[in-house]
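# Descriptive structure summary
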Number of protein chains: 2
Amino acid sequence: MSTCEEAGTRAYHHGDLRCALLAAAGELLSEGGAAAVSLREVARRAGVSHNAPYRHFSDRDALLAALAAEGFAELSRRMALLPASRLQALGQCYVAFALEQPGRFALMFGGVAEKSRYPQLQQAAQALYRQLGASVQAAAPGRDPATASLAAWSLVHGLAQLLLDDQLPGQDAAAAAQAVTGLFVAGLGGA
Amino acid sequence: MSTCEEAGTRAYHHGDLRCALLAAAGELLSEGGAAAVSLREVARRAGVSHNAPYRHFSDRDALLAALAAEGFAELSRRMALLPASRLQALGQCYVAFALEQPGRFALMFGGVAEKSRYPQLQQAAQALYRQLGASVQAAAPGRDPATASLAAWSLVHGLAQLLLDDQLPGQDAAAAAQAVTGLFVAGLGGA
């Protein structure tokens, strides 16, 4: 994840401590969801002392916020690889990300209390929303940008959530994402 | 809730036991979410013995399934009061229900494991989906019904979830639901 690669912290014999902590926390997150992430267990898995995580994270919430920020950065990175004009592709990317990393997805969209306490998280989230907004405007220049963006986000967020919660048994996720986003984008352009 | 009103069970000095149990469980659900619902606590609140709930619910999951079924029946009932042709109104109704009863909403869409074990729940859910499907077809006769229904459901489900998870700070829920569903319905008809 990009935050990790970009972090230049070098401390301890362990190399990049922050990076190691986030990697360990990311593993716990994907194994057991946010409930499985504790500073103590992260330290244990990273092979550092119980107190070491506090060098980078004031508490568990700060660690969760960093994990969520990593998620936003990763999803933005993936979307940036797609043509900005391809709103449908961005939507499919969002749904695929949610299914691939359900724990991270849950953390990004609802798992961090008092998001406003974490500027890095807010910036990462806003960067993603700007990306989505630009793509929506390109796809539907005549629409109210705020409404069209919120509708696009709601659409893919809802589909991802329904798939994650086993509400669409027998439904192929990728095919559903393609069909639903295709219908939506056609509708944006059509009226 | 309709299931409760329709139930004719009369047993114990307590009157309609099943109804009393569901009412107590519904209170616990709305106070603390599904985590707050236990057969023991439901019995205590309904003023019956610890064993009494087992007359109607084989275990906690069965009770949760009944609460979810009640939710589907209630949402169907509300939607049935709206003109079937008003897909937008149905969507707004869905979002309003989610915000009014978040615990029930979470239970209906993801909170019951192995839904297929509960025919009453499945029937109640399918009745709702048929209602939605009919309304979508009326609004967009030229569209693939399965895709259009899934898109409509995803849209309102996602918006409700984002609102419930505080992802849209400062956003008026009713206004957002009106704008987003309006854009979607216009798009359905427009292309």
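Residues numbered from 1 in each chain as written. Chains lettered and ligands numbered in written order. Predicted model: local features only at pLDDT ≥ 70, side-chain atom pairs only at ≥ 80, totals over all residues.

### Digging into the overall build of chain A
Assigned secondary structure in chain A consists of 9 helices and 0 strands. Taken from N to C terminus, the helices and strands of chain A fall in the order α-α-α-α-α-α-α-α-α. By its C-alpha atoms, chain A is 60 × 35 × 30 Å across when sized along the principal axes. Scored against the burial criterion, the 191 residues of chain A give a buried share of 43%. In chain A, of all internal contacts separated by at least 6 residues, the share reaching a separation of at least 24 is 64%. (Helix = DSSP H or I, 4+ residues; strand = E, 2+ residues; numbered from the N terminus. Buried ≥ 20, exposed ≤ 12 C-beta atoms within 10 Å, placed from the backbone. Contact = placed C-beta atoms within 7 Å.)

### Describing the interface of chain B and chain A
Each partner contributes to the interface: chain B provides 27 residues, whereas chain A provides 28 residues. Ranked by the residues each element gives to the side of chain B that touches chain A, the list is headed by helix H8 (residues 145-164) of chain B, at 12 residues. Of the residues contributing to the side of chain B that touches chain A, the split by class is 16 nonpolar, 9 polar and 2 charged. (Nonpolar A, V, L, I, M, F, W, Y, C, P; charged D, E, K, R; others polar.)

### A word on the environment of B:Ala175
Looking at the secondary structure, you find B:Ala175 in helix H9 (residues 173-190). Sequence separation between B:Ala175 and B:Gln92 is 83 residues, and the spatial gap between their C-alpha atoms is 9.3 Å.

### Brief notes about unusual backbone geometry
Unlike most non-glycine residues, A:Asp166 shows phi in positive territory, near 55°. Looking at the secondary structure, you find A:Asp166 in the loop between helix H8 (145-164) and helix H9 (173-190).

### Thoughts on H8(B)
Residue and element names in this part refer to chain B. With 20 residues, H8 extends 28 Å from end C-alpha to end C-alpha; this agrees with the ideal 28 Å at 1.5 Å per step. The buried count for H8 comes to 16 of 20 residues, which makes it a mostly enclosed element. Positive backbone phi, at 55°, marks Asp 166, one or two positions downstream of H8. (Expected span 1.5 Å × (residues − 1).)

### Let's talk about the relation of the copies chain B and chain A
The two chain copies are related to each other by a rotation about an axis together with a translation along it. Rotating chain B by 180° and translating it 0.0 Å along the rotation axis places it on chain A, where the RMSD comes to 0.0 Å. Taken together, these values place the two copies in the relation of a two-fold axis. When the interface residues of chain B are mapped onto chain A, 100% of them again lie at the interface, so the same face is used by both copies. (Least-squares fit on C-alpha atoms with pLDDT ≥ 70 in both.)

### Remarks on the environment of A:Val42
All names here are of chain A. Residue position: Val 42 is located in helix H3 (residues 39-46). In this structure, the C-alpha to C-alpha distance between Val 42 and Pro 119, residues 77 residues apart in sequence, is 23 Å. The residues contacting Val 42, other than those within four sequence positions of it, are Leu 21, Ala 24, Ala 25, Leu 28, Val 37, Pro 53 and Leu 63.

### A few points about the packing of helix H2 (residues 17-32) of chain B against helix H4 (residues 60-80) of chain B
All names here are of chain B. Where H2 contacts H4, the axes come no closer than 10 Å and their chain directions differ by 85°. In this view, H2 runs roughly perpendicular relative to H4, as classed from their interaxial angle. Facing Leu 22, Ala 25, Gly 26 and Leu 29 of H2, the residues of H4 in contact are Leu 63, Ala 66, Leu 67 and Glu 70. Across the contact of H2 with H4, the residue classes break down as 6 nonpolar, 1 polar and 1 charged. (Axes fitted to C-alpha atoms, helices over the stretch in contact; angles between N-to-C directions. Parallel < 35°, antiparallel > 145°, perpendicular 65-115°, else oblique.)

### What to know about the packing of H8(A) against H8(B)
Here H8(A) crosses H8(B) at 95°, and the two axes come no closer than 6 Å. In terms of orientation, H8(A) lies roughly perpendicular with respect to H8(B). Where H8(A) abuts H8(B), its residues A:Ala151, A:Ser154, A:Leu155, A:Val156, A:His157, A:Gly158, A:Leu159, A:Gln161 and A:Leu162 lie against B:Ala151, B:Ser154, B:Leu155, B:Val156, B:His157, B:Gly158, B:Leu159, B:Gln161 and B:Leu162.

### Some details on the environment of A:Trp153
Within the secondary structure, A:Trp153 is located in helix H8. Through-space distance from the C-alpha of A:Trp153 to that of A:Ala173 is 17 Å; in sequence the pair is 20 residues apart.

### A closer look at the confidence of the model for chain A
Residues and elements named next belong to chain A. Here chain A averages 90 in pLDDT, and 91% of its residues register 70 or above. Within the model, the stretch residues 5-11 combines pLDDT values under 50 with 10 contacts to residues more than four positions away or in other chains. Note on the complex model: pTM 0.91, ipTM 0.90. (pLDDT = per-residue confidence, 0-100.)

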